[in-house]
Amino acid sequence: MTAYDVIVLAGGAAKRLGGADKPGVRVGGRALLDRVLAACDGAARTVVVGDRRATARPVVWTREVPQGGGPLAALGAGLKLTTAEYVLVLSADLPFLGPGTADVLLAAAGRPGREGALCTDPDGRDQPLVAAYRAEPLRRELALIATEYGSLAGLPLRILTAELELARIDAGPDAVFDCDTWDDIAAARARIREHGAVLDEWITSVKNELGIELDVDTGVLLDLARDAAHGVARPAAPLTTFLVGYAAARASAGAGPDEAAAAVAEASRKATALALRWEAEAEAAGQGGDAAGGPAGGTKPDAGREGTGTP
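Conventions we followed
- Residues numbered from 1 in each chain as written.
- Predicted model: local features only at pLDDT ≥ 70, side-chain atom pairs only at ≥ 80, totals over all residues.
- Heavy atoms only, no water.
- Pairing = 2+ DSSP bridges.
- Helix = DSSP H or I, 4+ residues; strand = E, 2+ residues; numbered from the N terminus.
- Axes fitted to C-alpha atoms, helices over the stretch in contact; angles between N-to-C directions.
- Contact = heavy atoms within 4.5 Å.
- Polar contact = N/O pair within 3.5 Å; in protein donor to acceptor, adjacent residues only side chain to side chain.
- Buried < 20%, exposed > 50% of the residue type's maximum accessible area, 1.4 Å probe, protein only.
- Arc of directions from axis to C-beta.
- Parallel < 35°, antiparallel > 145°, perpendicular 65-115°, else oblique.
- Left-handed = near helix turned anticlockwise from the far one by under 90°.
- Nonpolar A, V, L, I, M, F, W, Y, C, P; charged D, E, K, R; others polar.

Draft legend 1. A look at the sheet that holds strand 5 (residues 60–62). A sheet is described by the order of its strands in space; here seven strands give the open sequence 5-4-1-6-8-7-9, paired in mixed fashion. Edge positions in the open sheet fall to strand 5 and strand 9 (166–169), since each of these has one partner strand only. Adjacent strand axes in the sheet meet at a mean angle of 20° when their direction is disregarded. With three bridges joining them, strand 4 (residues 46–49) and strand 5 adopt parallel strand pairing. Note on strand 5: the bridge partner recorded for valine 47 is valine 60. Of the strands in this sheet, strand 1 (4–9), strand 4, strand 5 and strand 6 (86–91) touch helix 2 (residues 71–79), which is tilted by about 145° from strand 1.

Dropping the structure here:
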């Protein structure tokens, strides 16, 4: 994988949000900034240009000069603190950005003759804050612009991108969906609850909240919960999945994420088999006998002795 640093621009005035703290606005229970940071956790160094705040993982903080000097000034300030050959540049208001977009951008930026790559929106407009750049030409052009205009403050990003040889990437509408207004925030919050997306969003949020780096087959766990609820009792579903997680944690103590995922799968397999055995016994009891041909319904072997005085 290409080694890279990342610069996240999080210092805008958010005028269309009434001056609200946009990077801290929550979508799916997570701050917008943390959602962006989760999409680029493979960076060697993460620089956030904006006011300090609590974040889900460690970052390096800086501010543009002057504060409020705009995205080009912020980019220049962040670039001073990076050392990698490639720099991923992102805004802090991208709720649906995923690691896959970062990988695509970095791969395109590394092609011969390219000085970077940026995403385009569904209307074909460039999105220079969803982009990857080679650091050397980025520094060169920023220095030339600062010399020509006297500083980077107040200048639009298109002055920079017009001077670079960039690949254009159509990464889909989710990658470039940004939250400029409260309507955008509402739309993002509604989208994560759509059928087919809500479980993935929830699991990702829980893993980030708990600091877990583990990929598991959610289908296996859902099947286990179903079998426990159906074959035993409804409350058995959450209790069983908890016990499976506990058993997997003990079995994979000190191991890596792959071993932990394998431990979850094995514990799920065992628990599912047990739930299915319980279900089979219940079905057999309902038909008048268990799988071994014994008495049905758990009848006591000595039931006929009641009232005989036999102990």
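Draft legend 2. Just the side chain of serine 91, in detail. As for its placement among the helices and strands, serine 91 is situated in strand 6. Within the structure, the side chain of serine 91 is placed 2.7 Å from the side chain of aspartate 93, a separation counted as a polar contact. Once you skip the residues sitting within four places of it in the chain, serine 91 turns out to touch Val8, Leu9, Val36 and Leu129.

Draft legend 3. Representation of helix 3 (residues 99–109) in the model. Residues of helix 3 that are buried include every one of Thr101, Ala102, Leu105, Leu106, Ala108 and Ala109, and no others. Along the long axis of helix 3, the arc covered by the buried residues comes to 165°, so they all point the same way. Buried-residue contacts for helix 3 involve strand 1, strand 6, strand 7 (116–120), strand 8 (126–134), strand 9 and helix 6 (173–176).

Draft legend 4. Looking closely at the packing of helix 9 (residues 218–231) against helix 11 (residues 257–286). Relative orientation of the contacting elements helix 9 and helix 11 amounts to 25°, with a least axis distance of 9 Å. It follows that helix 9 is roughly parallel to helix 11 by the angle criterion. The two elements helix 9 and helix 11 cross, and the hand of that crossing is left-handed. Across from Val220, Leu221, Leu224, Asp227, Ala228, His230 and Gly231 in helix 9, the residues of helix 11 making contact are Val264, Ser268, Ala271, Thr272, Ala275, Leu276, Trp278 and Glu279. Looking at the contact of helix 9 with helix 11, its residues break down into nine nonpolar, four polar and two charged.

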